[in-house]
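Residues per chain, in single letters:
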Number of protein chains: 2
Amino acid sequence: MSTATIKEIARKANVSIATVSRALSNDAKVKHSTKVLIERVAKELDYKPNILARNFVKKQSNIVCLILPDIADEFFSDLIKSVDEASYAMGYFTMITSSHKLRSIEEAVHTFIANGLAGSIIALIPSLSPELERILKNTEIPIVLLGASSVVEKFDSVSIANYDGVAELIDYLIKVKGYRKIAHITGPMDNNDSLERFGSYKDTLEKNGIEFNRDYIGQGDFTQESGKRECIKLLKLTDRPQLIFASNDMMAIGCYQAIKEFGLRIPEDIGVVGFDNIFTSCFLSPSLTTVDVSIELMGRSAADIAIRRMRSELPEAKQKIKIPTKIVFRESC
Amino acid sequence: MSTATIKEIARKANVSIATVSRALSNDAKVKHSTKVLIERVAKELDYKPNILARNFVKKQSNIVCLILPDIADEFFSDLIKSVDEASYAMGYFTMITSSHKLRSIEEAVHTFIANGLAGSIIALIPSLSPELERILKNTEIPIVLLGASSVVEKFDSVSIANYDGVAELIDYLIKVKGYRKIAHITGPMDNNDSLERFGSYKDTLEKNGIEFNRDYIGQGDFTQESGKRECIKLLKLTDRPQLIFASNDMMAIGCYQAIKEFGLRIPEDIGVVGFDNIFTSCFLSPSLTTVDVSIELMGRSAADIAIRRMRSELPEAKQKIKIPTKIVFRESC
DNA sequence: ATGAAAGCGCTAACAA
DNA sequence: TTGTTAGCGCTTTCAT
């Protein structure tokens, strides 16, 4: 490895290392001719700054650290890619890590904050534990929360417009499709997305004059298995619902399995809708009506905030970005 | 942020910073009692070493950098996760980046090598350009190639056992299922996986006494669209094949679309098989028979090699890991 | 077994 | 506009 250092450039260009440093970070007043000279020499030597040294002395890092939860969701690739692309475009690097069986999310965050590697953190935090909140609040580096409760006023956050998305979906089901008996399978009860979707489901039913029916609620955990399990319970009801709204597409897939095992047809006997628009959704038969979210936009927005915070380009007030959703009309209802 | 430094620990423990450094990296001869004392103080102060400083002075990095190609494949999440998990378990961090419209893979690799951030590189390189090979060979840090031509003797590599996997698949199709007219849609012609699969397809046909038929070859590029396009060409043949072996599942999905548009049935009128076993495969109708590869094992193996190279724990000879495959029997043939 | 001191590559006062 | 110098937190000789 061993690229040239500013020392060698200084020697070759007959200037001091300070001048080289200034010229290369082009923020100081350096005579144009010397700047040009230094840049030429730097290019000749194929100079790449030692990021470690630079970050170390500046006591800051140009690494955006993306922290993901344990489960590997389908959309992580897109999220990572969009964060990295935006970061790179602004001159930053992307580090990623996730909590897993060996490490809690709290530990992951704490480590990255304390050891100086991360210049900012983007964390996909489905639910904010008190300990995590304490750690996060005790740090100087910018934190951007993805999908975390937007109620938490203390952090910048980027989240999905769950409420509006679900409201639009349920409205469509009732007003256009004529469904009245709509069941819902929720995600985990400490998950913000799940909670918001559930709240919107209830509110929208009521706004349409449909009474909320506790029997029509299944409690899942965003996994396919839980979707299937809760769907079976719903299918066994004497007053069976006409449609099941699963809080995400994975659980909707579970519903498909259950419904097929019961020998029922979608959407003739019972409709199904989901949320997320994962890649698989359009290949199910029948294809799944769901709510699309631009993960790419989410990642880009988060990186943008993180980096502008690092550069102190943002106003004091915490940013609260809501990523809009869009219904994808298909064949399952 | 600002965790305690070794200086503060030294002061509190009444020893020199050198002793603290030694005690904490527990490789030098430090009296047991002082070591215990220092560790206690360190814990009290919630000390986390400044990784930037440490890496900087040691002129090495404990960051494993994973470099991905532009396209965001479905399996990236699993790959990233498994690399990170293995790295973390061995005390390393994971950085990821990908080539994209703003940056070629050559530039990405070069940057990470030169700026000192990466301690080793794991690169998913479908095809090795001469420039990339030059860059890679000119560096001191360990390089592990994923899926790159295993012919390249100069690098450690982890790749899929394409040849054996396809041989097993084609053998099954001929001997068990009785297919004879088997068409193939290839991936890009500079992609190693694609090439190996194609080679194995040809060889296995011949071993079974079936003459290779050039008309039965479509040249795709691993995208769904190319699969559809090439499938249409095959369906228009007067002597239509009985089955299409797509070089990956995405193209198999494209085949499904084409076949349905032609009003044909799978597998009654024509069979389809793929390679990869992506998540969606089992939800297609009919579900897709394909070849499964453990991405998780791939990532783990790559991280393992990268890190043991960093620690000089591996013999000179380049490691050549082949990840075994397994046929997933389903309904599409 | 421990301490003193140099130095990694770079930036940022302070001088000139 | 440029040079000199101190120092970031840590590791690592070289002494003791």
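Residues numbered from 1 in each chain as written. Chains lettered and ligands numbered in written order. Predicted model: local features only at pLDDT ≥ 70, side-chain atom pairs only at ≥ 80, totals over all residues. Heavy atoms only, no water.

The helix and strand tally for chain A stands at 12 helices and 12 strands. The C-alpha radius of gyration computed for chain A amounts to 25 Å, which surpasses the reference 20 Å derived for 333 residues by more than 25%, pointing to a less compact arrangement than a globule. Each of the three principal axes of chain A carries a C-alpha extent, and together these read 90 × 40 × 35 Å. Taking all 333 residues of chain A together, the buried fraction comes to 56%. Within chain A, contacts between residues at least 6 apart in sequence are counted, and of these 69% link residues at least 24 apart. Carbon and sulfur atoms make up 51% of the accessible area of chain A, which totals about 14500 Å². (Helix = DSSP H or I, 4+ residues; strand = E, 2+ residues; numbered from the N terminus. Rg over C-alpha atoms; globule rule 2.2 N^0.38 Å. Buried < 20%, exposed > 50% of the residue type's maximum accessible area, 1.4 Å probe, protein only. Contact = heavy atoms within 4.5 Å. Areas by Shrake-Rupley, 256 points an atom, 1.4 Å probe, with all protein chains shown as cover.)

All right, on to the domain arrangement of chain A then. When cut into domains, chain A gives domain 1 (6-49), domain 2 (63-160 + 295-323) and domain 3 (162-294). The C-alpha-based centres of domain 1 of chain A and domain 2 of chain A are spaced at 35 Å. (Domains from an automatic or database assignment.)

What follows concerns a nonpolar patch on the surface. A surface patch of nonpolar side chains, about 370 Å² in accessible area, is lined by Phe 56 and Val 57 of chain A together with Phe 56 and Val 57 of chain B. Contributing elements (two or more residues each) for the nonpolar patch: helix H4 (51-58) of chain A together with helix H4 (51-58) of chain B. Locating Val 57 of chain B in the fold gives a position in helix H4. (Patch = residues over 30% accessible without salt bridge, like charges linked within 9 Å, V, L, I, M, F, W, Y side chains within 5 Å. Salt bridge = Lys/Arg side-chain N within 4 Å of Asp/Glu carboxyl O.)

The next subject is the protein's contact with DNA strand D. In the vicinity of DNA strand D lie 27 residues, with Thr 19 and Arg 22 of chain A together with Ser 21, Tyr 47 and Arg 54 of chain B positioned nearest. Looking at DNA strand D alone, sugar and phosphate atoms form 56% of those within 4 Å of the protein. Ile 6 of chain B places a polar main-chain atom, nitrogen or oxygen, 2.7 Å from a phosphate oxygen of DNA strand D. Between DNA strand D and Asn 50 of chain B there is a distance of 3.3 Å, counted from a phosphate oxygen to a backbone nitrogen or oxygen. At the level of secondary structure, the elements contributing two or more residues to the surface near DNA strand D comprise helix H2 (17-24) and H4 of chain A together with helix H2 (17-24) and H4 of chain B. Broken down by element, the residue count for the surface near DNA strand D peaks at five residues, all from H4 of chain B. For the surface near DNA strand D, a count of residues per class yields 13 nonpolar, seven polar and seven charged. (Near = heavy atom within 4 Å. Polar contact = N/O pair within 3.5 Å; in protein donor to acceptor, adjacent residues only side chain to side chain. Nonpolar A, V, L, I, M, F, W, Y, C, P; charged D, E, K, R; others polar.)

Residue and element names in this part refer to chain B. It is the contact of helix H5 (residues 76-89) with helix H12 (residues 295-310), at a shortest axis distance of 8 Å, that shows an interaxial angle of 40°. Between H5 and H12, the crossing angle belongs to the class labelled oblique. Note on packing geometry: the crossing formed by H5 with H12 is right-handed. Contacts between H5 and H12 involve Asp 78, Leu 79, Ser 82, Val 83, Ala 86 and Ser 87 from the first element and Ile 295, Glu 296, Gly 299, Arg 300, Ala 303 and Ile 307 from the second. Here the residues of the contact of H5 with H12 sort into six nonpolar, three polar and three charged. (Axes fitted to C-alpha atoms, helices over the stretch in contact; angles between N-to-C directions. Parallel < 35°, antiparallel > 145°, perpendicular 65-115°, else oblique. Left-handed = near helix turned anticlockwise from the far one by under 90°.)

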